[in-house]
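Chains, contacts and geometry: an overview
Each chain, written out:
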Amino acid sequence: MLMNVALHGMEQAAGVRYQADGHRDAGSARPGSPVVIRYADDLLALCLSREQAQQVKARLTAWLAPRGLSLNEDKTRIVHLDDGVDFLGFNIRRYRGKLLIKPSKAAVKRVRERLATEMRALRGHNAQMVLIRLNPIIRGWSAYYRHVVSARVFNELDNYVWKLTYKWAKWTHPHKPKHRIITRYFGAFNSSRRDRWVFGDRDSGAYLLKFAWTKITRHTLVKGWASPDDPALADYWAARRRRGRPPLDRARLRLLQAQRGRCPRCGDLLLHADREPQHPDEWELWIPATRTAIRHQAITIGARHGTPDQPIAVRLIHTHCRRRLPDGTGSEPALLHL
């Protein structure tokens, strides 16, 4: 927040110009204008030529000086888009005239190293613990990169995770034949997927998620003039959130849509996030926290004092609303205000 306050106005200083209101492309950059993307103190300027990039650098240097700030020359460089550049864990590069944004090699290397480290630490533990430790990592990383060209990377990471889990299973049972190990830990655990090589726990039926199961959803660009802190644009950001699909399971997504995102008990929004998490680690925490905060609950539809023969429907309800019910189980009827 402090960086946003200190660097407010940087786009204008760099020469970024947007279409005026009323134009069909209002909020888009004007032809010939550079585009600046900034997150905290990380900055990326997309320009049409090297000369324009040098001009933008000179403008920003002069704009930062009165604020007691300067560009880090060791990290500041001008590169051609055909060579690509890494920014916030993404690689932005043009391939044969087509711009593609992918997870950066450094980001893939980091997640591979983390998965390998976790699996080495899990030696001696059971399959249930493997699922507890790895599933949040897979959910968080795939949720962060699901908006870009990640399908091939997801498949490669799934192959890598398979090798790690198979190696872990062989280490856990060094004297058992391979077919016994495969039968015990791998199978079609996920009935909605035609995949017989899913790692799971036979006792509980729980299984390890795969990166490739996360659906790729293209990111809709934010209009250049739109700020989440502008109260006049509350409707714009609310509409963006409604169009977005949080990476939750299908059952929760269907119920969220049917309930218009609101709790039938208190009428408040079930999801309160003003923006998506900005890092894989944030997604890793956000998803399980959301799954904990909203629960499936069987409630009676109708008057407050319903009868046993009234229809029963499953709805999402806040965990704290569920605790307020007399017996904590949701036996009291709840009115729907949708």
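Residues numbered from 1 in each chain as written. Predicted model: local features only at pLDDT ≥ 70, side-chain atom pairs only at ≥ 80, totals over all residues. Heavy atoms only, no water.

Another point: the confidence of the model for the protein. Chain-level statistics for the protein give a pLDDT mean of 81 and a share of 76% at 70 or above. Here residues 298–306 is modelled with pLDDT under 50, and outside its nearest four sequence neighbours on either side it reaches 31 contacts, counting other chains as well. Considering only residues more than four positions removed or in separate chains, one finds that residues 327–338, a stretch of pLDDT under 50, has 31 contacts. (pLDDT = per-residue confidence, 0-100. Contact = heavy atoms within 4.5 Å.)

Closest axis-to-axis distance for the helix α5 (residues 127–144)/helix α6 (residues 151–172) pair is 13 Å, and the angle between their directions is 165 degrees. Here α6 runs roughly antiparallel to α5, going by the angle between their axes. When the axes of α5 and α6 are compared, the crossing they make is right-handed. Residues Ala127, Val130, Trp141 and Ser142 of α5 touch α6, and the partners they reach there are Val153, Phe154, Leu157 and Trp168. Considering only residue class, the contact of α5 with α6 consists of seven nonpolar, one polar and no charged. (Axes fitted to C-alpha atoms, helices over the stretch in contact; angles between N-to-C directions. Helix = DSSP H or I, 4+ residues; strand = E, 2+ residues; numbered from the N terminus. Parallel < 35°, antiparallel > 145°, perpendicular 65-115°, else oblique. Left-handed = near helix turned anticlockwise from the far one by under 90°. Nonpolar A, V, L, I, M, F, W, Y, C, P; charged D, E, K, R; others polar.)

So, on to the nonpolar core. Ranked by size, the top nonpolar core spans 37 residues in total, and within it Leu115, Trp141, Tyr145, Trp168, Tyr185, Phe199 and Phe211 carry the most contacts. Elements with a contribution of two residues or more to this core: α4 (105–121), α5, α6, α7 (178–185) and β7 (198–199). A total of nine residues in this core trace back to one element, the largest contributor, which is α6. (Core = buried A, V, L, I, M, F, W, Y, C linked by side-chain atoms within 4.5 Å. Buried < 20%, exposed > 50% of the residue type's maximum accessible area, 1.4 Å probe, protein only.)

To continue, consider helix α3 (residues 50–64). The end-to-end C-alpha distance of α3, which contains 15 residues, comes to 21 Å, matching closely the 21 Å that a straight helix rising 1.5 Å per residue would cover. Considered for burial, the residues of α3 that qualify are Gln52, Ala53, Val56, Leu60, Trp63 and Leu64. For α3, the arc enclosing every buried residue in end-on projection is 100 degrees, short of the 170-degree limit, so these residues lie on one face. Buried-residue contacts for α3 involve α1 (2–6), α2 (10–14) and β2 (42–46). (Expected span 1.5 Å × (residues − 1). Arc of directions from axis to C-beta.)

Moving on: the pairing of β2. When strand β1 (residues 35–39) meets β2, the two strands line up antiparallel, connected through five bridges. In the strand pairing of β2, Val36 is matched with Ala45. If you look at the hairpin formed by β1 and β2, you'll find two residues sitting between the two strands, and Ala40 has a positive phi there, around 55 degrees. (Pairing = 2+ DSSP bridges.)

For the rest of this paragraph, the subject is the sheet that holds strand β4 (residues 90–95). With antiparallel pairing, three strands are arranged side by side in an open sheet as β3-β4-β5. Two strands lie at the open edges of the sheet, namely β3 (85–87) and β5 (98–103), each paired on one side alone. The average undirected angle you get between the axes of adjacent strands in this sheet is 30 degrees.

Here the focus is the packing of aromatic side chains. Each aromatic ring pair is summarised here by two numbers: the centre-to-centre distance and the angle between the ring planes. Counted by the stated rule, this structure contains 16 aromatic pairs. Where Tyr144 meets Tyr145, the ring centres are 4.7 Å apart and the plane angle is 90 degrees; that geometry is what we call edge-to-face. Using a relative accessible area of 2% as the deciding quantity, one classes Tyr145 as buried. Ring pairs connect the aromatic residues Trp162, Tyr166, Trp168, Tyr185, Phe186, Trp197 and Phe199, which therefore count as one cluster. (Phe/Tyr/Trp six-rings, centres within 6.5 Å; stacked < 30°, edge-to-face > 60°.)

Taken as a whole and judged by the stated rule, the model has four salt bridges. The partner of Asp82 in a salt bridge is Arg94, and the shortest N-O contact between them spans 3.0 Å. Of this pair, Asp82 sits in the loop between α3 and β3 while Arg94 sits in strand β4; the two residues are 12 residues apart in sequence, bridging distant segments of the chain. For Asp82, a relative accessible area of 36% puts it in the partly exposed group. For Glu118, the salt bridge is made with Arg133, and the minimal N-O distance between the two is 2.8 Å. One end of the pair, Glu118, is in helix α4; the other, Arg133, is in helix α5, with 15 residues separating them in the sequence. Since its relative accessible area comes to 16%, Glu118 is described here as buried. Looking at Arg133, the relative accessible area reads 33%, which means it is partly exposed. (Salt bridge = Lys/Arg side-chain N within 4 Å of Asp/Glu carboxyl O.)

Moving on, we come to the environment of Ile137. Secondary-structure assignment places Ile137 in helix α5. Note on Ile137: relative accessible area 3%, which makes it buried. The spatial distance from the C-alpha of Ile137 to the C-alpha of Leu115 is 8.1 Å, given a sequence separation of 22 residues.

Moving on to the environment of Trp237. Relative to the assigned elements, Trp237 resides in helix α8 (residues 234–243). With a relative accessible area of 14%, Trp237 lands in the buried category. In this structure the C-alpha to C-alpha distance between Trp237 and Val222, which are 15 residues apart in sequence, comes to 9.3 Å. Those residues in contact with Trp237 that lie beyond four places of it in its chain are Val222, Ala226, Ser227 and Pro228.

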